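Analysis of the macromolecular model
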Amino acid sequence: MIRNLLVGAVGSLMALGASQTMAWSQPTHKWIVMDALAYMGSDRATPEEKRAYDFYVEAANGQAEVAADALGQACYDVDNFRDVHIGSWWAGGHWSAPVFGLAHSLVGYNAYHHFINMTRGEDVHGNAHGGYSYQNRTPNGSFGKGDVVDIDKLAAIYLWNQELSKRDFNTTEAHYRQGSYSDWNAHYRDFQNISWQPSANAGEYWLSEFYKQPSFQAIGYALHFLTDSAQPHHAYSTSANNHVGWENWVEDHYKRDQFADFTAVRAAVGKYNPRDSLNGLITQVAGVAYTHPEPLFAKDYETRKAAAQALIPEAIAATVAVLTKAVNCLNDECGL
Ligand SMILES: [Zn+2]
């Protein structure tokens, strides 16, 4: 019976094709960061944004394109992390993505750390908002409107009663705990009951790594968790509800429809205070994403375009704040 379920689930996962990923598509992540840096180098930037821009460009030997590419690429790379393995001894081991290779790029389990659930308050770990949780997901409402499978449910069937590997609990999860409380036995033994650490914690971890040893990688990684949080599906804890379709659509239209509109970015930048904590900034941009659930339930061009026109400038503005914050802090001007 279990074997049949597994085979059935894997078959359906593979049928979805290999081009599917979770979270803004990787190119979108990269463009958001590159556009944020370009904004900071433009004459719309404030003096402290300009100072931060100069810092990154100097770190790339004066080459702005190299700095933008390095930051953007690091932000892109996070979806390829293999630092979360789920499985069990009776299933023969732990994996970082659905087994049998073909479904590999579909759901890397590391992506479960890329959510911040704004539909609820405090989680079992004591975070103000939790991360992905199958139990607290937003149920799939897209059946019959384009989606042929419910990825949340499929993953849960496939991973039912499977655990987070203890090694990842003691490394990845420990890093992303950020002062909250976790117990492997109580919290990570059965996938369907797991409450993953929120993106806000993961972002804080990588920013702290940047302060220890500044690098394009560390800040770029932190920015991945920030930018994902501006994607409504990540604020609603769902990998279903047209999650992947919307992200692919945004990638296809990002340049064509000019979502990185600097006038809109300028209007949003003032809302994000570089003196706030990264956790606060991630929660803030997730709060904006939470006010735009439209992409979960509608797929028409006008609805998607309006949502992207609202959300992409917010993601870029929040990125400007974090890039500025990081340099302020290196100059002992954190403000916290
Ligand atoms: Zn992601």
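What counts, and where the lines are drawn
Residues numbered from 1 in each chain as written. Predicted model: local features only at pLDDT ≥ 70, side-chain atom pairs only at ≥ 80, totals over all residues. Helix = DSSP H or I, 4+ residues; strand = E, 2+ residues; numbered from the N terminus. Buried ≥ 20, exposed ≤ 12 C-beta atoms within 10 Å, placed from the backbone. Contact = placed C-beta atoms within 7 Å. Axes fitted to C-alpha atoms, helices over the stretch in contact; angles between N-to-C directions. Parallel < 35°, antiparallel > 145°, perpendicular 65-115°, else oblique. Nonpolar A, V, L, I, M, F, W, Y, C, P; charged D, E, K, R; others polar. Core = buried A, V, L, I, M, F, W, Y, C linked by C-beta atoms within 7 Å. Arc of directions from axis to C-beta. Pairing = 2+ DSSP bridges. Left-handed = near helix turned anticlockwise from the far one by under 90°. pLDDT = per-residue confidence, 0-100.

On a plain count of helices and strands, the protein comes out with 15 helices and 3 strands. Across the 336 residues that make up the protein, the buried fraction comes to 49%. Within the protein, counting contacts between residues at least 6 apart in sequence, those at least 24 apart form 77% of the total.

Packing of helix 3 (residues 47-59) against helix 15 (residues 301-330) leaves a shortest axis separation of 9 Å and a crossing angle of 75°. What the angle tells us is that helix 3 and helix 15 run roughly perpendicular. Every residue of helix 15 that contacts helix 3 at E48, E49, R51, A52 and F55 is listed here: V320, L323, T324, V327 and N328. A breakdown of the residues in the contact of helix 3 with helix 15 according to their chemical character gives 5 nonpolar, 2 polar and 3 charged.

Mapped onto the fold, D190 is located in the loop between helix 7 (184-187) and helix 8 (199-212). Take D190: there are 16 C-beta atoms within 10 Å of it, and that puts it in the partly exposed class.

Next up on the list: the nonpolar core. Counting residues in each nonpolar core, the largest one holds 92 residues, and the members touching the most others are L37, L71, A222, V285, I316, A318 and V322. Per-element accounting of this core gives the leading share, 14 residues, to helix 15. The residues touching A318, leaving out its near neighbours within four places in the chain, are L226, A230, Y272, L281 and V285.

We now examine unusual backbone geometry. Despite not being glycine, N161 shows a phi value in the positive range, around 65°. Along the chain, N161 turns up in the loop between helix 5 (151-159) and strand 3 (163-164). C-beta crowding within 10 Å serves as the criterion here: with 13 such atoms nearby, N161 is assigned to the partly exposed category. Phi angles above zero are rare outside glycine, and D332 is one such case at about 60°. Tracing the chain through its elements places D332 in the segment after helix 15.

Here we take up helix 12 (residues 262-269). Three or more residues of helix 12 are buried, namely V265, A268 and V269. Down the axis of helix 12, the buried side of the element spans an arc of 100°, and every buried residue falls inside it. For helix 12, the elements touching its buried residues are helix 2 (26-40) and helix 15.

One open sheet accounts for 3 strands, arranged 2-1-3; its pairing is antiparallel. Bordering the open sheet on either side are strand 2 (93-95) and strand 3, each of which pairs with just one other strand. Strand direction decides the pairing type here: strand 1 (residues 86-88) and strand 3, joined by 2 bridges, are antiparallel. Of the residues in strand 3, the one forming a bridge with I86 is L164.

Below, the discussion takes up the packing of helix 2 against helix 4 (residues 64-77). Two numbers describe how helix 2 lies on helix 4: the axes approach to 8 Å, and their chain directions differ by 145°. Here helix 2 runs over helix 4; the crossing is right-handed. Listed contacts from helix 4 to Q26, H29, K30, V33, M34, L37 and A38 of helix 2 are A67, A68, L71, G72, Q73, C75 and Y76. When the residues that make up the contact of helix 2 with helix 4 are grouped by side-chain class, the tally is 9 nonpolar, 4 polar and 1 charged.

What follows concerns the environment of K305. You can see K305 is positioned in helix 15. For the pair K305 and W249, spaced 56 residues apart in sequence, the C-alpha separation works out to 9.4 Å.

Let us now look at the confidence of the model for the protein. Here the protein averages 89 in pLDDT, and 89% of its residues register 70 or above. This stretch, residues 1-20, has a pLDDT under 50; its non-local contacts, to residues over four places away or in other chains, come to 24 contacts. Counting interchain partners and residues more than four positions distant, the pLDDT-below-50 stretch residues 101-105 has 10 contacts.

This brings us to the environment of K255. Locating K255 in the fold gives a position in the loop between helix 11 (243-253) and helix 12. Residues K255 and W31, spaced 224 residues apart in sequence, show a C-alpha to C-alpha distance of 9.2 Å.

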